[in-house]
Amino acid sequence: GAGVSQSPSNKVTEKGKDVELRCDPISGHTALYWYRQSLGQGLEFLIYFQGNSAPDKSGLPSDRFSAERTGGSVSTLTIQRTQQEDSAVYLCASSGRASGANVLTFGAGSRLTVL
Amino acid sequence: DQQVKQNSPSLSVQEGRISILNCDYTNSMFDYFLWYKKYPAEGPTFLISISSIKDKNEDGRFTVFLNKSAKHLSLHIVPSQPGDSAVYFCAASTGNQFYFGTGTSLTVIP
């Protein structure tokens, strides 16, 4: 596609429920990243996929968080047993190159609210 | 540990004047520095980048300056326009790892 597509754009859930967030990266971009932005905070790295390599999961805050990337394209971020502190905007990005720099192109984000 | 810091959470500037957004970093191994702009309810969009081997990169109204000895970079916007009002994130990269600052909210007053 022309840009990075994320769904849903907004999700309200009850504490303890599981949620799935989807990301469709730019066609041809081999790298895919998940970040989150909590209220008043910066962008927090969660996980990174590069081609067929094992993902870098070093940013996942707990074992309730997991992500997969099927067929080297679409990715799903799953949060199990959601907690109120999981409320944030979850941003997906894929990367390509611009003027030599490796540049991230972000989706519009999925806003998660845990009641 | 925050490797990229933006110490000013907000900045207000009159239309037509210069906006200067600042960023500090700690890791001398970063090879690129980038600025992103974010409007409410949208994802960050790439603005401009600079290689660690350069000290200045210019693109229209936007110029990024890099001072490696001070581990400091800045984004200059001149002249500032009301449409520039947004949150600006500084980022640094090494290979495929990106580190973001906490952002500076710029308000350009008409």
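Structure first, text after, so check above.
Read on for an overview of the structure.

## Comments concerning the overall build of chain A
Assigned secondary structure in chain A consists of zero helices and 10 strands. In terms of C-alpha radius of gyration, chain A reaches 14 Å, essentially the compact-globule figure of 13 Å for 115 residues. Split into buried and exposed, the 115 residues of chain A put 50% on the buried side. Nonlocal contacts in chain A, meaning residues at least 24 apart in sequence, comprise 53% of its contacts between residues at least 6 apart. Charged side chains in chain A number 11 positive and 10 negative. The centres of these two groups are separated by 2 Å.

## Describing the overall build of chain B
When its secondary structure is counted, chain B shows zero helices and 11 strands. Overall, chain B shows an N-to-C arrangement of helices and strands of β-β-β-β-β-β-β-β-β-β-β. Over its C-alpha atoms chain B spans a radius of gyration of 13 Å, differing by no more than 12% from the 13 Å that the globule rule assigns to 110 residues. Oriented by its inertia axes, the alpha-carbon framework of chain B measures out at about 40 × 30 × 20 Å. Burial statistics for chain B: of 110 residues in total, 44% are counted as buried. Of the contacts formed within chain B by residues at least 6 apart in sequence, a portion of 53% connects residues at least 24 apart. Accessible surface for chain B amounts to roughly 5300 Å². Of this, 49% is attributable to carbon and sulfur atoms. When the 9 positive and 9 negative side-chain charges of chain B are each reduced to one mean point, those points stand 3 Å apart.

## What to know about the packing of aromatic side chains
Per the stated rule, a full pass over the model turns up 14 aromatic pairs over all chains. One aromatic cluster is present, formed by Tyr-33, Tyr-35, Phe-45, Tyr-48 and Phe-106 of chain A together with Tyr-36, Phe-46, Phe-98 and Phe-100 of chain B through successive ring pairs.

## Describing the pairing of strand β11 (residues 104–109) of chain B
All names here are of chain B. Side chains Thr-104, Leu-106 and Val-108 project from β11 onto a buried face, and the interleaved Ser-105, Thr-107 and Ile-109 project onto a face without burial. Judged from the five bridges that link them, strand β2 (residues 10–14) and β11 form a sheet pairing that is parallel. Pairing of Leu-11 across the sheet is with Leu-106, part of β11. Two strands pair when backbone bridges link them, and strand β9 (residues 86–94) and β11 are joined in this way by three bridges, in the antiparallel orientation. Paired with Tyr-88 across the bridge in β11 is Thr-104.

## Side note on the interface of chain B and chain A
Taken together, the contact pairs 18 residues of chain B with 19 residues of chain A. Summed over both sides, the interface of chain B with chain A buries roughly 1500 Å², with 58% coming from carbon and sulfur. It is Asn-96, Phe-98 and Phe-100 of chain B in chain B that bury the most area against chain A; as a group they hold 33% of the surface buried on that side. In this structure, the connection of chain B to chain A is made through zero salt bridges.

## Regarding the side chain of Lys-38 of chain B
Residue and element names in this part refer to chain B. With respect to the helices, strands and loops of the structure, Lys-38 is situated in strand β4 (residues 32–38). With no salt bridge to any partner, buried Lys-38 finds its closest opposite charge in Glu-42, at an N-O distance of 8.0 Å. A polar contact of 3.0 Å, which involves the side chain of Lys-38, links it to the backbone oxygen of Glu-42.

## Regarding the nonpolar core
All names here are of chain B. With 23 residues, the main nonpolar core has Phe-33, Trp-35, Leu-73, Leu-75 and Tyr-88 as its most contacted residues. Those elements that provide at least two residues to this core are β3 (19–25), β4, β5 (45–51), β7 (62–67), β8 (72–77), β9 and β11. The element best represented in this core is β9, accounting for four residues. Contacts of Tyr-88, omitting those with residues within four sequence positions, involve Gln-6, Leu-21, Trp-35, Tyr-36, Lys-37, Leu-47, Leu-75, Ile-77, Gly-103, Thr-104 and Leu-106.

## Side note on the sheet that holds strand β6 (residues 56–59) of chain B
All names here are of chain B. Within the open sheet, the five strands sit side by side as β1-β3-β8-β7-β6. Their pairing is antiparallel. Single-partner strands in this sheet number two, and they are β1 (4–5) and β6. Across two bridges, the pairing between β1 and β3 is antiparallel. Paired with Val-4 across the two strands is Tyr-25, which belongs to β3.

Criteria and thresholds
Residue indices follow the written sequence of each chain, beginning from 1 at its first position. For naming, the first written chain is A and the first written ligand is 1, with later ones following in the order written. A pLDDT threshold of at least 70 governs which residues receive local features in this predicted model, and a stricter bar of 80 or more applies before side-chain atom pairs are shown or counted, although totals over entire chains, interfaces and linings include all residues. With hydrogens and water set aside, each side-chain value is computed from the structure's full complement of heavy atoms. Every helix listed is a DSSP run of H or I at least four residues long, and every strand listed is a run of E at least two residues long, numbered separately from the N terminus. Note on method: radius of gyration uses C-alpha positions; expected globular size equals 2.2 Å times residues raised to 0.38. Relative accessibility thresholds used throughout: buried, under 20% of the residue-type maximum; exposed, over 50%; partly exposed, between the two (1.4 Å probe, protein chains only). For this analysis, residues touch if any pair of their heavy atoms sits within 4.5 Å. In this tally Asp and Glu are treated as negative and Lys and Arg as positive; neither His nor the chain ends contributes. Charged side chains are reduced to one point each, which is NZ for Lys, CZ for Arg, CG for Asp and CD for Glu. The method behind every accessible area is Shrake-Rupley, applied with a 1.4 Å probe, and residues are considered shielded solely by the protein chains displayed. When the centres of two rings from Phe, Tyr and Trp lie within 6.5 Å, Trp using its six-membered ring, the rings pair. Their planes under 30 degrees apart give stacked, over 60 give edge-to-face, and anything left gives tilted. Strands qualify as paired when DSSP identifies two bridges or more between them. Buried area, as used here, totals the accessible surface that two parts lose on assembly, with accessibility defined by a 1.4 Å probe and the loss added over both. One side-chain nitrogen of Lys or Arg within 4 Å of one carboxyl oxygen of Asp or Glu is enough to make a salt bridge. Throughout this description, a polar contact denotes any pair of N or O atoms lying within 3.5 Å of each other; where both atoms belong to protein, one of them has to be capable of donating a hydrogen while the other can accept it, and for residues adjacent in sequence the pair is counted only when both atoms sit in side chains. Grouping buried Ala, Val, Leu, Ile, Met, Phe, Trp, Tyr and Cys residues that are joined through side-chain atoms within 4.5 Å yields what is termed a nonpolar core.

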